[in-house]
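Working through the structure, step by step
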Amino acid sequence: MASTGPREPGAGRRRGAPPSRGLVVVGPGASFGVELLRRYGREGFALGVVSRSADTLTRVRDALAGDGLPVIGAVADVTDSSALAGAVERVCAEIGGLTVLVYNAKLSIRGAALTVAAETLNQTLAVNVTGALAAVQVATGLLDDRLAATIMLTAAGPRTEPVAGRFALAVGKAGLTALAEALRPTLAARGIRLRTVVLDGRVSPAGPLRPDEVADHFWQAFVAPRGDVFRLAPVRRDTGVAQLPLEV
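What you see is a predicted model, and the numbers here were worked out from it, not measured in a lab.

Moving on to the overall build of the protein. Across its full length, the protein holds 6 helices and 7 strands. Taken from N to C terminus, the helices and strands of the protein fall in the order β-α-β-α-β-α-β-α-β-α-β-α-β. The buried share of the protein, reckoned over its 248 residues, is 46%. Restricting the contact set of the protein to residue pairs at least 6 apart, pairs at least 24 apart contribute 68%. Surface accessibility of the protein: about 12000 Å² in total, with carbon and sulfur atoms responsible for 54%.

What follows is the structure in structure tokens.
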């Protein structure tokens with residue numbers, strides 16, 4: 001199926017061609033990471049993954065092997081900015097260049113607002129916010145002068161009462177959204193699009209947000225000609241009115 005997304009002139013040529021289009025997912029997770037990589041792989045992207053766990057890399061590679069989609073991977077903890085930068089750079093070099101970076105790493109530790117330890121909040125912020133900043137910083141240098149250069153950050157919908165006492169995660173995701181707003185003008189001046197993908201619901205094969213729907217939402221967020229925040233949430237079945245515009 002032909003791609004509808006931005007393409008680089010001469011893509012597909014080998015000798016003397018511009019760098020191939022590459023996707024790197026930092027923190028593929030267990031809920032939709034494989035489907036996200038598969039969606040972009042079917043559009044002709046070279047695929048890369050940076051994960052804290054070697055087991056995750058093996059799982060992702062095995063899942064996509066049947067589709068004939070090779071995945072280049074590296075292990076790094078996003079709280080170690082030097083290790084993360086090195087891992088992203090190595091993966092990008094092996095896949096032939098970076099076009100899209102998706103930061104999907106998160107840390108969720110249970111705790112209510114008035115009982116969660118300050119150290120716990122610091123731990124979650126190190127992954128959910130500071131790690132994202134480190135990933136953006138290394139990606140920026142790799143995306144300069146690339147057509148359709150895009151960074152996407154996975155955020156969550158706002159909740160006044162975080163589910164199951166996940167106060168620290170709610171704060172972290174709010175911080176990530178604020179980080180994106182602060183970074184966006186600077187990146188735009190360098191020709192890099194920063195897009196926040198808001199998943200306002202649990203991702204599961206049984207729903208309410210299915211992994212394939214989430215993966216396609218990330219693709220649509222990439223190919224959209226404009227927009228900063230792209231929200232996906234379950235469609236209410238008791239109304240015929242469209243609930244969720246892609247771009248908000």
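There's more to say after this.
A separate point is the pattern of salt bridges. Counting across every chain of the model gives 11 salt bridges. As a salt-bridge pair, arginine 39 and aspartate 216 come within 3.1 Å of each other at their nearest N and O atoms. You can see arginine 39 sitting in helix α1 (residues 33–42) and its partner aspartate 216 sitting in helix α6 (residues 211–223), a full 177 residues away along the chain. Across the pair glutamate 181 and arginine 184 runs a salt bridge whose closest N-O atoms are separated by 2.7 Å. Pair noted here: glutamate 181 and arginine 184 are both in helix α5 (residues 167–189), with a separation of 3 residues, about one helical turn. Glutamate 181 sits in the partly exposed class, given a relative accessible area of 43%. Sharing partners across several salt bridges, the network here consists of Glu35, Arg38, Arg42 and Asp67.

Attention now goes to the pairing of strand β7 (residues 229–232). In the sheet, strand β6 (residues 193–199) pairs with β7 via 4 bridges, with the strands oriented parallel. Directly across from threonine 196, in β7, lies its bridge partner valine 229. Taken together, β6, α6 and β7 constitute a β-α-β crossover, and its handedness is left-handed.

So, about the sheet that holds strand β3 (residues 71–75). As summarised here, the arrangement of the 7 strands in space is β3-β2-β1-β4-β5-β6-β7, forming an open sheet in which the pairing is parallel. Edge positions in the open sheet fall to β3 and β7, since each of these has one partner strand only. Recorded for the sheet is a direction-independent mean angle of 20° between the axes of neighbouring strands. With 4 bridges connecting them, strand β1 (residues 22–26) and strand β4 (residues 100–103) associate as parallel partners. Bridging from a neighbouring strand, valine 26 pairs with tyrosine 103 of β4.

At a minimum axis distance of 9 Å, the contact between helix α3 (residues 81–95) and helix α4 (residues 118–143) shows a crossing angle of 40°. If you check the angle between α3 and α4, you find them oblique. Crossing angle aside, the handedness with which α3 passes α4 is right-handed. The segment α3 lies against α4, with Ser81, Leu84, Ala85, Val88, Glu89 and Cys92 engaging Gly131, Ala134, Ala135, Val138 and Leu142. Here the residues of the contact of α3 with α4 sort into 8 nonpolar, 2 polar and 1 charged.

Looking at chain direction, strand β2 (residues 46–51) and β3 are connected through 5 bridges and run parallel. Note that in β3 the partner of valine 50 across the bridge is alanine 74. What joins β2 to β3 is helix α2 (residues 54–65), and the crossover it makes is right-handed.

Looking now at the packing of α1 against α2. For any two helices packed against each other, the geometry comes down to the angle between their axes and how far apart the axes lie. Where α1 meets α2, the axes come as close as 10 Å, and the angle between the chain directions of the two elements is 45°. Relative to α2, the element α1 lies oblique. In the crossing of α1 with α2, the sense of the turn from one axis to the other is right-handed. Counted together, Val34, Leu37 and Arg38 of α1 and Arg59, Val60, Ala63 and Leu64 of α2 form the full contact between these two elements. Its residues assigned to classes, the contact of α1 with α2 shows 5 nonpolar, no polar and 2 charged.

Attention now goes to the packing of aromatic side chains. As enumerated under the stated definition, the model contains 7 aromatic pairs in all. With 5.2 Å between their ring centres and 80° between their planes, tyrosine 40 and phenylalanine 45 make a pair best called edge-to-face. Per residue, the accessibility class of tyrosine 40 equals that of phenylalanine 45, and both read buried. An angle of 50° between the planes, with centres 6.1 Å apart, marks the rings of tyrosine 40 and phenylalanine 222 as tilted. With tyrosine 40 in helix α1 and phenylalanine 222 in helix α6, the pair connects residues that are 182 residues apart, well separated along the chain. Taken together, the ring pairs connect Tyr40, Phe45, Trp219 and Phe222 into an aromatic cluster.

Each value, and the rule that gives it
- Residues numbered from 1 in each chain as written.
- Predicted model: local features only at pLDDT ≥ 70, side-chain atom pairs only at ≥ 80, totals over all residues.
- Heavy atoms only, no water.
- Helix = DSSP H or I, 4+ residues; strand = E, 2+ residues; numbered from the N terminus.
- Buried < 20%, exposed > 50% of the residue type's maximum accessible area, 1.4 Å probe, protein only.
- Contact = heavy atoms within 4.5 Å.
- Areas by Shrake-Rupley, 256 points an atom, 1.4 Å probe, with all protein chains shown as cover.
- Salt bridge = Lys/Arg side-chain N within 4 Å of Asp/Glu carboxyl O.
- Pairing = 2+ DSSP bridges.
- Right-handed = clockwise from strand over helix to strand, strands pointing away.
- Axes fitted to C-alpha atoms, helices over the stretch in contact; angles between N-to-C directions.
- Parallel < 35°, antiparallel > 145°, perpendicular 65-115°, else oblique.
- Left-handed = near helix turned anticlockwise from the far one by under 90°.
- Nonpolar A, V, L, I, M, F, W, Y, C, P; charged D, E, K, R; others polar.
- Phe/Tyr/Trp six-rings, centres within 6.5 Å; stacked < 30°, edge-to-face > 60°.

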